[in-house]
Amino acid sequence: MMKKLLTIAIIVLIGLFIFNQIKTNNEEKIKNDYEKINQIKEMCETIANSNYKYTFGSDTNTWYIMELEVIHQKDGDGYSKMEEILGEDFKTKLSNGDKIFVGFLPRTTSYRIYAGVPEESNMIYPDWNYSELEQK
């Protein structure tokens, strides 16, 4: 009887340890996602408030939306500046695997941030419509 209780207690302790590790890892991933979003927001602020926003195309009334993963493959001062601000080793996906997109409207200082696909329902900034991560 004592062996069974000891075995059950050990199994419960191992289960609690594993549960705690998973919870801690998830919390760390979410924290890293928020830090990444803030870094992207700061980068977008810099681009949107500079002349770099005019380097994406000639139509200043068009939203230029790009996937961050490919900015290093594009030519142009705006792309180079984004890469410089974020760094060459910047991870362009959230912890759930969703790719990050940014968009600029050169006529104004407007910018948008999306996750997953660049659609209104996946917007992170200026409106938080992204349901995969709770707004902080």
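Residues numbered from 1 in each chain as written. Predicted model: local features only at pLDDT ≥ 70, side-chain atom pairs only at ≥ 80, totals over all residues. Heavy atoms only, no water.

Novice: Residue-level account of the packing of aromatic side chains, with values.
Specialist: On inspection of all chains with the given rule, the structure shows four aromatic pairs. Centroid distance Tyr34 to Trp128: 6.4 Å. Interplanar angle 40°. Geometry classified as tilted. You can see Tyr34 sitting in helix α1 (residues 2-48) and its partner Trp128 sitting in the segment after β4 (123-125), a full 94 residues away along the chain. On the accessibility criterion, Tyr34 (12% relative accessible area) is buried. A network of ring pairs unites the aromatic residues Phe56, Tyr79 and Phe104 as a single cluster. For the cation-ring pair, Lys36 lies above Phe90, with the distance from its terminal atom to the ring centre recorded as 6.0 Å. Positioned over the ring face of Trp63 is Arg112, at 3.9 Å from the centre of the ring. (Phe/Tyr/Trp six-rings, centres within 6.5 Å; stacked < 30°, edge-to-face > 60°. Helix = DSSP H or I, 4+ residues; strand = E, 2+ residues; numbered from the N terminus. Buried < 20%, exposed > 50% of the residue type's maximum accessible area, 1.4 Å probe, protein only. Lys NZ or Arg CZ within 6 Å of the ring centre and 35° of its normal.)

Novice: Tell me about the environment of Thr92, residues and numbers included.
Specialist: Structurally, Thr92 can be placed in the loop between α2 (77-86) and β2 (100-105). A relative accessible area of 13% means that Thr92 is categorised as buried. It is 9.1 Å that separates the C-alpha atoms of Thr92 and Val70, two residues lying 22 residues apart in sequence.

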